[in-house]
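# Observations on chain architecture
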Amino acid sequence: MAIGSAARSAKVGLKKLAWGVLALSAVASVIAPAPGQAQQAVLNLYSARHYQTDEALYRGFTEQTGIKLNRIELGDEPLLQRLKSEGANSPADVVLLVDAARLWRAQIDGLFQPVDSKLLNSRIPENLRANDGSWFGFSTRARVIVYDKARVKPQEVDTYEKLAEPVNKGRVCTRSGSHPYMLSLIGAMVERSGEAAAENWARGMVANMARPPRGGDTDQIKGVASGECGVALTNSYYFVRLMRSADPKDKEVVDKVGFIWPNQATSGTHVNISGGGVARHAPNRANAVRFLEYLASPQAQAHFANGNNEWPVVAGVEVNNPSLAALGKFKAENVPISSIGKGQIAAQRILDRVGYR
Ligand code: FE
């Protein structure tokens, strides 16, 4: 106990020091406990989820448990960097990341600690969590194809493989190849067809670009609508977000763009996850586990679909999202999420070799 409290006060001392240095940083102020609040149960959440609708998700946790949520939101790369540089002094309790590529990276970098929760193990399918309990998937999303209905035939772009064929020369738009969403797609391809086939594909993609990769997935959809791109890749929820938007400009975009579940006659559409785990040095471990269990609750699971247009991972959760439902059912690829994560190293090598920026 004595060692524990000594370590704790050393940690507090360090934090005070850090607080002095970072007093002007808005990010730091989120985490520092306000005077008089030291006794309130808290949870420090580091999140790379970047979806405004998540506010309601976090509010629900505090309403249910009384635990105050301090949240730091950063891009996936800066978030992992920050965790690494904070080391054992990190106040992070839970780390949420998007994409299996990032979860796997955080796992091998030792940023999580294993959790053995009966509730999580029973609710979350085995193929959507790390086998040592270091992370859990809480929602799924699909990587889909959108195309310009005015000039592209759906049968020319109904598989990932076709995007790299000569018929699509000068048509293809994607975000950066090094983004986790692309790394995972290529990682799954490596798993399915081998590194040589995936490299051929990536080379064909580079040859077919309508413009150098730039922007996020929504920018690719808009590029298709503007006519700059003939075909593009996007995560499903970005498209559904535009479908649900009240902005007439977004409606115009959706009207011009065709939607495809890729590879329905072959390997199935690439599916990925958003998920998280308990941070390696979590000061509030019990609260962290409670938060993860909350994310697997029917309420939170429904939110992933109703709020952010993803799909729940827990079976039997009732979803009320007509736009999402309107896209219909699809066949998903059958590649284990954990191997998609591992495949990203080979994927990055491929991208470097073919010059897919
Ligand atoms: Fe996203």
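Procedures and definitions
Residues numbered from 1 in each chain as written. Predicted model: local features only at pLDDT ≥ 70, side-chain atom pairs only at ≥ 80, totals over all residues. Heavy atoms only, no water. Donors = N, O, S within 2.8 Å, 3.2 Å for Na, K, Ca; no water. Helix = DSSP H or I, 4+ residues; strand = E, 2+ residues; numbered from the N terminus. Buried < 20%, exposed > 50% of the residue type's maximum accessible area, 1.4 Å probe, protein only. Disulfide = S-S within 2.5 Å. 1 Å grid on protein atoms, 1.4 Å probe; cavity = no way out; pocket = protein on both sides within 12 Å on 5 of 7 lines; lining within 4 Å. Points joined across faces, edges and corners; volume = space filled by probe spheres on them. Nonpolar A, V, L, I, M, F, W, Y, C, P; charged D, E, K, R; others polar. Salt bridge = Lys/Arg side-chain N within 4 Å of Asp/Glu carboxyl O.

## Notes on the coordination of the iron ion
At 2.0 to 2.7 Å from the iron ion lie its protein donor atoms, namely H50 (NE2), Y51 (OH), Y181 (OH), Y237 (OH) and Y238 (OH). Sequence spacing of the donor residues for the iron ion, all on one chain, is H-Y-x129-Y-x55-Y-Y. Residue H50 is found in the loop between β1 (42-47) and α3 (54-65), and its partner Y181 is found in helix α7 (residues 180-193); the two are separated by 131 residues along the sequence. The exposure class assigned to H50 is partly exposed, which follows from its relative accessible area of 42%.

## Notes on unusual backbone geometry
For N263, which is not glycine, the phi torsion reads 60 degrees and is therefore positive. Within the fold, N263 resides in the loop between β8 (257-260) and β9 (271-279). Although it is not a glycine, N309 adopts a positive phi angle of roughly 60 degrees. Mapped onto the secondary structure, N309 falls in the loop between α13 (298-306) and β10 (311-312). Judged by its relative accessible area of 3%, N309 falls in the buried class.

## Some remarks on the state of the cysteines
Under the definition given, this model contains one disulfide. The disulfide bridge from C173 ends at C229, spanning 2.0 Å between sulfur atoms. Judged by the torsion about the S-S bond (-85 degrees), the C173/C229 disulfide is left-handed. One end of the pair, C173, is in strand β6 (residues 172-173); the other, C229, is in the loop between α9 (217-226) and β7 (231-235), with 56 residues separating them in the sequence. A relative accessible area of 0% places C173 in the buried class. The class for C229 is buried, based on a relative accessible area of 0%.

## Concerning empty space enclosed by the protein
According to the stated counting rule, one finds two cavities of 30 Å³ or more in the structure shown. Here the largest cavity is characterised by a volume of approximately 40 Å³. What lines the largest cavity is simply R49, L96, F138, S139, S274, G275, L295 and F304. Mapped onto the lining of the largest cavity, the elements with two or more residues apiece are β5 (136-148) and β9. In terms of residue class, the lining of the largest cavity is made up of four nonpolar, three polar and one charged. The space that makes up the second largest cavity amounts to roughly 30 Å³. Together, D99, R141, R143, Y181, N235, H270 and N272 line the second largest cavity. Of the residues that constitute the lining of the second largest cavity, the class distribution is one nonpolar, three polar and three charged.

## Remarks on the pattern of salt bridges
In the structure shown here, the tally under the stated rule is 24 salt bridges. Between E86 and R82 there is a salt bridge, with the nearest N and O atoms lying 3.0 Å from each other. Here R82 and E86 lie together in helix α4 (residues 76-86), a separation of four residues that amounts to about one turn. Residue E86 is classed as buried on the basis of its relative accessible area of 19%. R82 gets classed as partly exposed once you look at its relative accessible area, which sits at 21%. For D158, the salt bridge identified is with K162, shortest N-O distance 2.7 Å. For K162, a relative accessible area of 23% gives the class partly exposed. Connected through shared salt-bridge partners, E195, E199, R203, R349 and R353 make up one network.

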